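As a plain string of letters, each chain reads:
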Amino acid sequence: MNRPLLISCLLASAGSISAFAPPQSSTVSAIGRRRSTTPLFSAIVPPPEERSDANPSTKFGSPLSDGLKEANRWSIGFLKGTIFDTFFAGEDRAYARFYALETIARVPYFSYLSVLHLYETLGRWRRAKYLKLHFAESWNELHHLLIMEELGGNDRFLDRFLAQHIAFGYYGVVILSYLINPIFAYNLNQDVEEHAFSTYDEYLRENEEMLKGQPAPQAAIDYYIDGDMYMFDEFQTTCEMRRPKIENLYDVFVAIRDDEAAHVETMKTLQTELDVASIHDGECEVDIF
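Trainee: So, the packing of aromatic side chains: which residues are in play, and what are the values?
Mentor: For the structure shown, the criterion picks out 22 aromatic pairs. Judged by centre distance (4.8 Å) and plane angle (40°), the rings of Phe98 and Tyr200 are tilted. Here Tyr200 lies in helix α9 (residues 182-206) and Phe98 lies in helix α5 (residues 94-105), a separation of 102 residues in the sequence. Of the two residues, Phe98 and Tyr200, neither departs from the other in class, the shared state being buried. With a centroid separation of 4.8 Å and 65° between ring planes, the pair formed by Tyr223 and Tyr224 is classed as edge-to-face. Tyr224 matches Tyr223 in its accessibility class, with the two residues each being buried. Ring pairing ties together the aromatic residues Tyr95, Phe98, Tyr200, Tyr203 and Phe253, which thus form one cluster. Above the ring of Tyr250, the side-chain terminus of Lys212 is found at 4.9 Å from the ring centroid.

What follows is the structure, given as structure tokens:
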């Protein structure tokens, strides 16, 4: 068969096949044209404002059952009864108890920072706001610790040994918990901070007269009065502009107690889908000047 005849046969075959194809409606062709102009992944990747990764809990966590929440409360109550209420019993052991409490209470924020840095390094998630928040919380707890050290809470070697070794183990426990489920880790720390709040509140009610007759430690003045309040404001996620009055030791413990209450509220917020607010990032209707 010569070439012109072959080409003619092929063209005729193509025409006969197209004659049996169903006509494409204007609607189908319009959809086809619209799809051709749509980015490939737009249907499966939601826009930024709709993504559920506002905080670590919504990105990596899952809701807790009431049983797990109760287990957290029970474990903190058990440690309080077996260690703190036993080893630090007695009126002269209050500052040592607070020293141990603050040594341990700052650990979760180090654990959160470690995991969040790991996520950044691996390219999994990055929100600088939460690095700043947890550092501000650790900065606050550090100054609580400095105040207790100035009051003599760390004078005994055994007190230091016990608090530091519990803190070391707790650091690993919180890292593992945070990797598995941030909501669980935040809920556990909520119970710790609630224990700290109630401990300071009880101490204030029982020792008000004595505390009002003693001067404020220099570490408290340096932090609450003379220090840079930027980091202090950054852990106040309820958009409250606090400026503690520090005139005596009673005022110092009031400020510490209220700090613990602020930590509790932050831990509660972090277990929800809500994003935390920052005063200095313009997310609160507060006049900071």
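Trainee: Hey, could you go over the environment of His195 for me, with residue numbers and the actual values?
Mentor: Residue placement: His195 occurs in helix α9. The exposure class of His195 is buried, given its relative accessible area of 10%. In this structure the C-alpha to C-alpha distance between His195 and Val264, which are 69 residues apart in sequence, comes to 9.8 Å. Once residues within four sequence positions are removed from consideration, His195 is found in contact with Ile76, Lys80, Arg97 and Leu101.

Trainee: How would you explain a nonpolar patch on the surface if you had to name every residue and give the values?
Mentor: Residues Leu118, Leu122, Leu176, Leu179 and Ile180 make up a contiguous nonpolar surface patch of roughly 490 Å² in combined accessible area. Elements represented by at least two residues in the nonpolar patch include exactly α6 (107-122) and α8 (157-180). At three residues, the largest contribution of residues to the nonpolar patch is made by α8. Its place among the elements puts Ile180 in helix α8.

Trainee: Describe in detail the packing of α5 against α8, supporting the description with residues and values.
Mentor: Helix-helix packing is described using two parameters, namely the angle between the two axes and the distance between the axes. Contact geometry of α5 with α8 gives a least axis separation of 8 Å together with a crossing angle of 20°. Relative to α8, the element α5 is oriented roughly parallel. Pair α5 / α8 crosses with right-handed handedness. On the side of α5, the interface is formed by Ala96, Tyr99, Ala100, Thr103 and Ile104, while α8 contributes Asp159, Arg160, Ala163, Gln164, Ile166, Ala167 and Tyr170. Looking at the contact of α5 with α8, its residues break down into eight nonpolar, two polar and two charged.

Trainee: Tell me about the packing of helix α4 (residues 66-87) against α5, residues and numbers included.
Mentor: One can describe the packing of α4 onto α5 by two numbers: an axis separation of 10 Å at closest approach and a directional angle of 135°. Taken together, the axes of α4 and α5 are oblique relative to one another. Residue-level inspection shows Lys80, Phe84 and Asp85 of α4 in contact with α5, the latter providing Arg97, Ala100, Leu101 and Ile104. Of the residues contributing to the contact of α4 with α5, the split by class is four nonpolar, no polar and three charged.

Trainee: Account for the nonpolar core, with residues named and values stated.
Mentor: Within the largest apolar cluster, 62 residues are counted, with the highest numbers of intra-cluster contacts made by Tyr224 and Phe253. Per-element tally for this core: the top contributor is helix α13 (residues 249-270), with ten residues. The contact partners of Tyr224, leaving out residues within four places of it in the chain, are His144, Ile147, Met229, Phe232, Pro244, Ile246, Ala255, Ile256 and Asp259.

Trainee: For the confidence of the model for the protein chain, give the residues involved together with the corresponding values.
Mentor: Chain-level pLDDT for the protein chain is 84 on average; 81% of the residues reach the 70-or-more range. Below pLDDT 50 for its whole length, residues 1-51 participates in four contacts with residues either more than four positions away or in separate chains.

Trainee: Run through unusual backbone geometry, naming residues and quoting values.
Mentor: Despite not being glycine, Cys239 has its phi angle at roughly 60°, a positive value. Relative to the helices and strands, Cys239 is located in the loop between α12 (230-234) and α13. For Cys239, a relative accessible area of 25% corresponds to the partly exposed category.

Each value, and the rule that gives it
Residues numbered from 1 in each chain as written. Predicted model: local features only at pLDDT ≥ 70, side-chain atom pairs only at ≥ 80, totals over all residues. Heavy atoms only, no water. Phe/Tyr/Trp six-rings, centres within 6.5 Å; stacked < 30°, edge-to-face > 60°. Helix = DSSP H or I, 4+ residues; strand = E, 2+ residues; numbered from the N terminus. Buried < 20%, exposed > 50% of the residue type's maximum accessible area, 1.4 Å probe, protein only. Lys NZ or Arg CZ within 6 Å of the ring centre and 35° of its normal. Contact = heavy atoms within 4.5 Å. Patch = residues over 30% accessible without salt bridge, like charges linked within 9 Å, V, L, I, M, F, W, Y side chains within 5 Å. Areas by Shrake-Rupley, 256 points an atom, 1.4 Å probe, with all protein chains shown as cover. Salt bridge = Lys/Arg side-chain N within 4 Å of Asp/Glu carboxyl O. Axes fitted to C-alpha atoms, helices over the stretch in contact; angles between N-to-C directions. Parallel < 35°, antiparallel > 145°, perpendicular 65-115°, else oblique. Left-handed = near helix turned anticlockwise from the far one by under 90°. Nonpolar A, V, L, I, M, F, W, Y, C, P; charged D, E, K, R; others polar. Core = buried A, V, L, I, M, F, W, Y, C linked by side-chain atoms within 4.5 Å. pLDDT = per-residue confidence, 0-100.

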